[in-house]
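Residues per chain are reported as follows:
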Amino acid sequence: MSDLREQLRKNLDEAEWDWLISHAQRDAVIVVAEGLDLLDVGEAIASDNTTSVENWISEQLLTKPSSEQLGTWNVNKAKRFNALIVEPYVLIQEKAAA
């Protein structure tokens, strides 16, 4: 495993929406589709793998939060996400409802 991936793995955590609001306000939140591995995405962004990142964006697997998502999450600030900081971004992936 690469040093970068191991470093990212240590930064992978859960976060409540309430903790992420300030990042969304500065337009730094990226929503990662359920089918993607958060560490793979983080590693691609951190290592400037533009081919992979551009493909995910074109397939709408990486997006900015929509107005609808923001509205829903702002109502339920305890909504939980898997989160990974890859400066200057915060990658989030919705956790399935328990």
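This text follows the structure it describes.
Report on the accompanying structure.

Scoring rules and cut-offs
Residues numbered from 1 in each chain as written. Predicted model: local features only at pLDDT ≥ 70, side-chain atom pairs only at ≥ 80, totals over all residues. Heavy atoms only, no water. Helix = DSSP H or I, 4+ residues; strand = E, 2+ residues; numbered from the N terminus. Contact = heavy atoms within 4.5 Å. Salt bridge = Lys/Arg side-chain N within 4 Å of Asp/Glu carboxyl O. Buried < 20%, exposed > 50% of the residue type's maximum accessible area, 1.4 Å probe, protein only. Pairing = 2+ DSSP bridges. Axes fitted to C-alpha atoms, helices over the stretch in contact; angles between N-to-C directions. Phe/Tyr/Trp six-rings, centres within 6.5 Å; stacked < 30°, edge-to-face > 60°. Lys NZ or Arg CZ within 6 Å of the ring centre and 35° of its normal.

Here we take up the environment of Gly42. Structurally, Gly42 is set in helix α3 (residues 38-46). Discounting residues that sit within four places of it in the chain, Gly42 has contacts with Leu8, Leu84, Val86 and Leu91.

When their charged atoms lie close together, side chains carrying opposite charge are able to pair. Counting across every chain of the model gives eight salt bridges. Between Glu94 and Lys79 there is a salt bridge, with the nearest N and O atoms lying 3.1 Å from each other. Of this pair, Glu94 sits in strand β5 (residues 89-94) while Lys79 is found in the loop between α5 (67-75) and β4 (80-86), placing the two residues 15 residues apart along the sequence. A relative accessible area of 38% places Glu94 in the partly exposed class. A network of salt bridges, in which partner residues are shared, links Arg5, Asp37, Asp40 and Glu43.

Another aspect to go through is the sheet that holds strand β2 (residues 29-32). Read from one edge to the other, the open sheet built from five strands follows the order β1-β4-β5-β2-β3, with strand pairing classed as mixed. Among the strands making up the open sheet, the edge pair consists of β1 (13-16) and β3 (62-63). Contacting β1, β2, β4 and β5, helix α2 (residues 17-25) runs over the sheet at an angle of about 85 degrees to β1.

Here we come to the side chain of Arg5. In this structure, Arg5 sits in helix α1 (residues 3-11). On the basis of relative accessibility, which here comes to 15%, the residue Arg5 falls in the buried class. If we ignore the near neighbours within four places in the chain, the residues touching Arg5 are Asp37, Leu39, Asp40 and Glu43.

The next point concerns the pairing of β5. Here β2 runs beside β5; their pairing, made up of three bridges, is parallel. The partner of Ile30 across the bridge, within β5, is Leu91. In this sheet, β5 lies alongside β4 in antiparallel orientation, the contact comprising six bridges. Bridging across to β5, Ile85 finds its partner in Val90.

Applying the stated criterion to the full structure yields three aromatic pairs. Between Trp17 and Phe81 the ring centres are 5.9 Å apart and the planes differ by 55 degrees, which places this aromatic pair in the tilted class. Here Trp17 is found in helix α2, whereas its partner Phe81 is found in strand β4, with 64 residues between them in sequence. Assessed through its relative accessible area of 1%, Trp17 is described here as buried. Consider the rings of Trp73 and Phe81, whose centres lie 4.8 Å apart with planes at 80 degrees: the pair is edge-to-face. In this structure an aromatic cluster arises from ring pairing among Trp17, Trp73 and Phe81. One cation-aromatic arrangement involves Lys79 over Phe81; the distance from NZ or CZ to the ring centre is 5.9 Å.

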